[in-house]
Every structure is written in structure tokens, then in C-alpha cells.
Amino acid sequence: MRIACWQAACGSPDVPHLVARLREAARRAAEAGAELLVAPEMTLGGYPLRPGNLAEASEPVDGPHCAAVSAVAREFGIAVVHGWPEDDGTGVYNAARLVGPDGGTLAAYRKAHLFGDVDTSRFVPGDHGVVQARLGGLTVGLLVCYDVEFPEPVRAHAMAGTQLLLVPTALMRPWDVVARTLVPARAFESQLYVAYSNWIGERGGLDFCGLTTVAAPDGTRVTLEEPVEGLLLADVDPAVVAKARADTPYLHDRRPELYEGLPARLG
């Protein structure tokens, strides 16, 4: 399956404006033969969300902004992963949603690991570790940004059969090492693909570093090195996953029984 990751420049947080930009990215991705477009974290509203943007963009999974993204997916016959502030009536979550090419919701995930005050002051943490769907013959999973920096959720996805992990992100400087080193390491050690889509530019005092990456389970990766808006295209092959898991059998050789009883937190 060919996928496209949209590295998006920070700009107006107006939701209709962002949907229009997402539509253009989806059009270009579909024309390039991609079956899936992965957008950055908090696609609708921008990251970090200011109070006014939060109020405008927050809605349930079946709200009008999400419906607009579904219409984009249907128009171009392409699956889309997008972020938005999900309000379920009890709290607001930093969420990501996978929309099928017919516009239907295939999966929705709430960020479980919140990053600093920029997240904890706005969102409630999600409490589901592994969220998956089937797309184009692949088992795909969802995480959001900071989640992928923890080995446990990625390994849990691998053990649950995820072949392609979709990670909308908002990685800022000086943490370029996450995109350059940690994301490829996660893909290699858990033997799956990781598609990591980031913003570029400055917003809310944060400087987003781009470096949108698709890391493969065989240790290879493709990255948008330049801090410019654009699409990163990559082909995801389940045969590469199978071969990597056979050649480097981390998932088979692990011994989780040695680590039972460890404290849940340090200190």
C-alpha cells in the first residue's frame, strides 16, 4: 500500500481553512497513487490549541468537522488519518481518527501519554492502549505524538499484530532526535512500519521541526529533511514486515516473565 504523510506548515487555526488545506493534500496524495494520507497532530485547530480554537474545534467523533474530513476522503477515494479535540461530553481528548476511503470511521484513538502543560492543561488522557483497524489488507494502529516515545505501546501494537503504526505528531525543537533516532528504533525493535507526520514552523511559542518520517521494520527510513510543506510518499509491504520478524525475531525471543512484578512507576 502506498501512503502519504502530510508535513504541514503552521498557519491559520481556522477549522474550515485547515479542512481546505487537508483537502488539497488529499487530492495531491490521491493523484500520486496513495491509498492513505496521514496528517499531523491536532489537524483541526492546530497545535497547541488556544482557548478559542479549542472551543471552535472540539466536537464528538460524529461532529460536523469530522464529517467534513469524511467528505474529503470520499471525494478522492483515499483513507485519511487526522487529529482533532474530541469532546464526548465528559472531557476533551487529544484524538486521532482513521477514516476509510468511503468516509466511514474505521478507528478513533485518544492520546494516552500527555506531554507537559501544553497537553495536560487542555486534555484528559485516553485509557485504551491498542486501537486497530484493517485497511488495504494491512492491520493498522493509531498512536499520537508522545505515545510513540514509550516502547510499551509500540510493542503492545506489535504483539497485537499491527503492521503499520500511524502517528500524527507535533514534534518541536530541540527534540529532533525523536524523529531521527527514536522513531526508526521503535520500528526496528517492534518490527512494524511507523508513519510519523509532523508540522513545520512556529506556533504558540513552539518551533516544530518537521522531519516527517516513514520508518520500516528492516531499519530503513524515508524522511522529509527540509523544513518545507509537502507530502512524503512511501510504500508499505507486509512481506517486509514478515521478513523482518523472521530475520530479527525480537517478538519471538522476548521473555516477559523476567520482568513481572516491576513497579508501575519509578519512585
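Higher on the page you've got the structure.
The rules behind each value
- Residues numbered from 1 in each chain as written.
- Predicted model: local features only at pLDDT ≥ 70, side-chain atom pairs only at ≥ 80, totals over all residues.
- Heavy atoms only, no water.
- Helix = DSSP H or I, 4+ residues; strand = E, 2+ residues; numbered from the N terminus.
- Contact = heavy atoms within 4.5 Å.
- Buried < 20%, exposed > 50% of the residue type's maximum accessible area, 1.4 Å probe, protein only.
- Core = buried A, V, L, I, M, F, W, Y, C linked by side-chain atoms within 4.5 Å.
- Pairing = 2+ DSSP bridges.
- 1 Å grid on protein atoms, 1.4 Å probe; cavity = no way out; pocket = protein on both sides within 12 Å on 5 of 7 lines; lining within 4 Å.
- Points joined across faces, edges and corners; volume = space filled by probe spheres on them.
- Nonpolar A, V, L, I, M, F, W, Y, C, P; charged D, E, K, R; others polar.
- Axes fitted to C-alpha atoms, helices over the stretch in contact; angles between N-to-C directions.

With respect to the side chain of threonine 43
Working step 1: Along the chain, threonine 43 falls in the loop between strand S2 (36-38) and helix H2 (51-57).
Working step 2: Beyond its immediate stretch of four places on either side in the chain, threonine 43 contacts Trp6, Leu18, Leu22, His82, Gly83 and Trp199.

A few points about the side chain of serine 70
Working step 1: Checked against the element boundaries, serine 70 lands in helix H3 (residues 64-76).
Working step 2: Under the relative-accessibility criterion, serine 70 is labelled buried at 5%.
Working step 3: What serine 70 contacts, discounting residues up to four positions off in sequence, is Arg97, Val99 and Gly103.

Looking at the nonpolar core
The nonpolar side chains of soluble globular proteins are, as a tendency, buried together.
Working step 1: The biggest cluster of nonpolar side chains holds 48 residues, and the ones touching the most others in it are Ile3, Leu36, Leu98, Leu164 and Leu166.
Working step 2: Within the second largest apolar cluster, 37 residues are counted, among which are Leu22, Ile78, Trp199 and Phe208.

Remarks on the pairing of strand S3 (residues 79-87)
Working step 1: With eight of nine residues buried, S3 lies mostly within the body of the structure.
Working step 2: With three bridges joining them, S2 and S3 adopt parallel strand pairing. Each bridged residue has a counterpart across the sheet, and for valine 38 the counterpart in S3 is valine 81.
Working step 3: Sheet topology places S3 next to strand S4 (residues 92-99); eight bridges connect them, and they run antiparallel. By the bridge assignment for S4, glutamate 86 is matched with tyrosine 93.
Working step 4: Following S3, the chain reverses through four residues before pairing antiparallel with S4; glycine 89 in that reversal takes a positive phi of roughly 95°.

Description of the layout of surface pockets
Working step 1: Roughly 180 Å³ of volume is contained in the largest pocket.
Working step 2: Among the secondary structure elements, those contributing two or more residues to the lining of the largest pocket are helix H5 (151-159) and helix H6 (176-190).
Working step 3: With three residues, the single largest contributor to the lining of the largest pocket is H5.
Working step 4: Residues of the lining of the largest pocket, tallied by class, amount to one nonpolar, one polar and four charged.

Some remarks on the sheet that holds strand S7 (residues 138-142)
Paired through backbone hydrogen bonds, the strands of a sheet run either parallel or antiparallel to each other.
Working step 1: Reading across from one edge, S6-S7-S8-S9-S12-S13 is the order of the six strands in this open sheet, with mixed pairing throughout. Here the strands that pair on one side only, and so sit at the sheet edges, are strand S6 (132-135) and strand S13 (221-223). The average undirected angle you get between the axes of adjacent strands in this sheet is 20°.
Working step 2: As judged from the three bridges shared by S7 and strand S8 (residues 164-168), these two strands associate in the parallel manner. Note on S8: the bridge partner recorded for glycine 141 is leucine 165.
Working step 3: Each of strand S9 (193-197), strand S12 (213-215) and S13 touches H6; the most contacted strand, S9, lies at about 150° to it.

Examining the environment of alanine 57
Working step 1: Residue placement: alanine 57 occurs in helix H2.
Working step 2: On the basis of relative accessibility, which here comes to 0%, the residue alanine 57 falls in the buried class.
Working step 3: Excluding anything up to four places from it in sequence, alanine 57 contacts Val15, Leu44, Gly45, His65, Trp84 and Pro85.

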